[in-house]
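# Structural characterization, general
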Amino acid sequence: MIKSGFFERNLKYLFPLPALIFVLLLMVFPVLYTLFISFTNWSLTSGRPMEIVGFASYLKVLKDPRFRDAIGRTFYFTIGAVVVEAVLGTVIALILNREFRGKNGLKLLLLLPLVATPVAVGIVFNLFYDPTIGFLNYVLSALGLPQSGWVTASKTVLPSLMLVDIWQWTPMISLIVLAGLAGLSSEPYESAKVDGASSVQIFFNITLPMIMPTILTAIILRAVDALKTYDIIYAMTQGGPGYSSETLNLLAYKVSFEYFSMGQASAILVFLFIIVLVFSLGVMSARKKFEL
Amino acid sequence: MKRVLVVLLIITLSFSLFAQGASDKGAKKEEIRVLLANHPYGELLKAKIPEFEAKTGIKVNVESLQEAQLTQKLTTEFATGSSTVDVFMTRPLQEGLLFIKNGYYQGLGAYDFADYPDNSVDVGRKDGVVYIVPLITEWQVMYYRKDLFAKAGIKVPTDFVELEAAAKALTKDGVAGFGSRGQGAAAVTQLSSFLYNHGGNYLENGVAVFDSPGSIDGLRYYGRLLGNYGPQGVGSMSWENLMPVFQAGKLAMWTDASVFLDQVVDPTKTAIPAEDVGVAQLPRGPKGDSPFIVVSWGMGMSSKSKNPDAAMEFLKWATSEELAVDAMLKNIPMARDSAWKNAKVREMMHPGIIATQAHAAQNGYPYDRPFMSAVGQARDLIGEVIQETINTKGTSTRLEALAKEKAAAVNELLKADGEYGGK
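Note that the structure is a prediction, hence the values are computed from the model and not measured. (Residues numbered from 1 in each chain as written. Chains lettered and ligands numbered in written order. Predicted model: local features only at pLDDT ≥ 70, side-chain atom pairs only at ≥ 80, totals over all residues. Heavy atoms only, no water.)

### Digging into the packing of helix α8 (residues 184-196) of chain B against helix α9 (residues 213-229) of chain B
When two helices pack together, you describe them by how their axes are tilted relative to each other and by the distance separating the axes. All names here are of chain B. Across the interface, α8 lies against α9 with an axial gap of 9 Å and an inter-helix angle of 120°. Crossing angle aside, the handedness with which α8 passes α9 is right-handed. Across the interface between the two elements, A187, Q190, L191, F194 and L195 of α8 pack against S215, G218, L219, Y221, Y222 and L225 of α9. Counted by class, the contact of α8 with α9 contains 8 nonpolar, 3 polar and no charged residues. (Axes fitted to C-alpha atoms, helices over the stretch in contact; angles between N-to-C directions. Helix = DSSP H or I, 4+ residues; strand = E, 2+ residues; numbered from the N terminus. Left-handed = near helix turned anticlockwise from the far one by under 90°. Contact = heavy atoms within 4.5 Å. Nonpolar A, V, L, I, M, F, W, Y, C, P; charged D, E, K, R; others polar.)

Dropping the structure here:
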């Protein structure tokens, strides 16, 4: 029959085709194009056409102390924020896993920071943090405690930003872990109780190992996001004071859209891409150890 | 296989049908795309655009953006060749050189520049062609609290020695005596007059000189004032952060651009009565009396405009004398000479604005930042020196060395862009 022609024979290729084209155009192409630009000296301020210069942009970036500082800050911010979020998020999830009155209302409250726009969150926290007319220093001085410079001092700016990240994203970890807890079978608990295990023993020897894969998944999701954090930092400090909250993503933004050195900015982004990739693969292989 | 080809052919043909439809629609009515800044003049234009549309039949699609985002949007659109912008507000000192060099602006041979001061037109001129219509001028002024001065029994400072003494005397009871931008790159423009008044500068003949003795004196003075008498956290503050502090009554003197007066005394944002807020000229320094006075905003036309006639018509209207007078009546300082001579304007404007403008126009210096293509990066480099001097209250022992290092880095940028030595 003529009808059972091309379409029928190739259905298995044709149906995924739109998705494949989508992925190629919108995900693979930008990455490859960034890679290409990173090997050029494309700079808008020079007014010259771009030339391919090999690894020159990479060398220039590696030599720049700002880049090395930015890497350090990126990890400091990510680790600081995600570790607190993971611990706090798990604790909240364990609390929410019990039955008590007002539980659903509490869950709803937890969701609110997640749906807030980062820029709006940044603006509100900036008002809290303002050293002269802000709420937090007012509270500190009312309690007789020394005031802090918060986001305006180079020593406190990253912890202050982490606090915002923690406020906004701890609920996400809670929700993921809560879903993990709901899926646990009750058999191990019953046998542990029969054997006379204490609740501390039960937590560390049964609950924690069983939800560890879930927690690690949540950590991967959060950490990949935190490594690339841009919105909150840009809205609150734009990398300042000085460069003291400039993470890799902020630096790449500045180099591309304020300095217009597209080659170097692309090189920075390739480094960031590699860091995120290596980190994710590392955590994923750690996750495998906990799977049965 | 044939079937597939037929289907593809039909799809391709129908695409061109849609395209036809689009161009038909465009031919009926002229349309232009205009990018404005979130600036009082941008707001004024937006409100008046319906009048322009009614008069000319040209449809105007407006977008408003913050200044930094505006530069970024324009640059990326132009650089990637995807731009459909026809007319836009532009900052001559920030992106002017870059845009001229890359051919983003349309030369404005058909525009009449007779009503503008020469030095403000020169900023947008290259090889005899003018690319930018000057729109707004800004100069440095000092906002101060008349009531606090009266209470302390001191008069408004006229030189830097008096300024420091006044700042010291007024720093008490939770009020900071003196504020100005401290956040590195943002502070570059406000520091400029302090350099000029100490005999320093950012660039001279296309070479970085902010490590010269005069410049270092200016940097130390600025750091000393802000470090000792500035509000807490001043090292990370730009005007957006300083204004609320001034409005909350926690700042006695604040130097910044002249455009902010209306916002400073806006009764919905401050409890300080307008009559308690004074506007004075920046005090003179030991080696000069030259506050910056710059064309902070201009208007340009895209060289890729598909509707150059309609775009030109809009440009002429948006920079017209009539609108300039309207803006002046709202305390927006315009670049047109005639607007300043208008009798109604002189009657309505704040006397402090008129007096400081007259002083700056006569003695001022037409740049407030290093005038170069890589100005964004240069501002960050100079910002590092500003940060150092504020953090050490002007006493840093490595300030000279740091300034020298950063000046060398700025010279490298000038060389890389072929602008070193004023080429």
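### Quick look at the packing of helix α2 (residues 40-56) of chain B against helix α13 (residues 321-328) of chain B
Residues and elements named next belong to chain B. One way to put it is that α2 packs onto α13 with a least axis distance of 11 Å and a crossing angle of 125°. Comparing their axes, α13 and α2 come out oblique. For the element pair α2 and α13, the recorded crossing hand is right-handed. Side by side, α2 and α13 meet where Y41, L44, L45 and K48 of the first sit next to L323, D326 and A327 of the second. Taken together, the residues of the contact of α2 with α13 sort by class into 5 nonpolar, no polar and 2 charged. (Parallel < 35°, antiparallel > 145°, perpendicular 65-115°, else oblique.)

### Regarding the pattern of salt bridges
Two side chains bearing opposite charge may form a pair once their charged atoms approach each other closely. Tallied over the full model, the rule gives 27 salt bridges over all chains. For K103(A), the salt bridge is made with E99(A), and the minimal N-O distance between the two is 3.4 Å. By relative accessible area, which is 12% here, K103(A) ends up buried. Measuring nitrogen to oxygen at the nearest pair gives 3.7 Å for the salt bridge that ties K155(B) to E162(B). Via salt bridges that share partners, R66(A), E246(A), K254(A) and D380(B) belong to a single interconnected network. (Salt bridge = Lys/Arg side-chain N within 4 Å of Asp/Glu carboxyl O. Buried < 20%, exposed > 50% of the residue type's maximum accessible area, 1.4 Å probe, protein only.)

### Some points on the domain arrangement of chain B
Residues and elements named next belong to chain B. Splitting chain B by domain gives domain 1 (31-137 + 294-363) and domain 2 (138-292 + 367-416). Its C-alpha centre places domain 1 at a distance of 27 Å from the equivalent point of domain 2. Contact with domain 2 buries area across many residues of domain 1, yet L93, V294 and H359 alone supply 26% of it, more than any other trio. The interface formed by domain 1 and domain 2 holds 0 salt bridges in total. Run the count over domain 1 and domain 2 and you get 10 residue pairs in polar contact (both at pLDDT 80 or more). (Domains from an automatic or database assignment. Buried area = accessible area lost by both parts, 1.4 Å probe. Polar contact = N/O pair within 3.5 Å; in protein donor to acceptor, adjacent residues only side chain to side chain.)

### So, the packing of aromatic side chains
Scanning the entire structure with this criterion turns up 46 aromatic pairs over all chains. A ring pair is formed by F160(B) and Y221(B), whose centres lie 4.6 Å apart and whose planes are at 15°; its orientation type is stacked. Of the two residues, F160(B) is situated in helix α7 (residues 160-170) and Y221(B) in helix α9; the sequence distance between them amounts to 61 residues. Judged by relative accessible area, Y221(B) falls into the buried class, the value being 5%. Ring plane angle 65° and centroid distance 5.9 Å describe the contact between Y365(B) and Y367(B), whose orientation is recorded as edge-to-face. Clustering of aromatic rings is evident, with ring pairs tying together F125(A), F128(A), Y129(A), F135(A), W150(A) and W167(A). A cation over a ring is seen here: R66(A) above Y243(A), with NZ or CZ 3.7 Å from the ring centre. Over the ring of Y420(B) we find K415(B); its NZ or CZ atom is 4.7 Å from the centre of that ring. (Phe/Tyr/Trp six-rings, centres within 6.5 Å; stacked < 30°, edge-to-face > 60°. Lys NZ or Arg CZ within 6 Å of the ring centre and 35° of its normal.)

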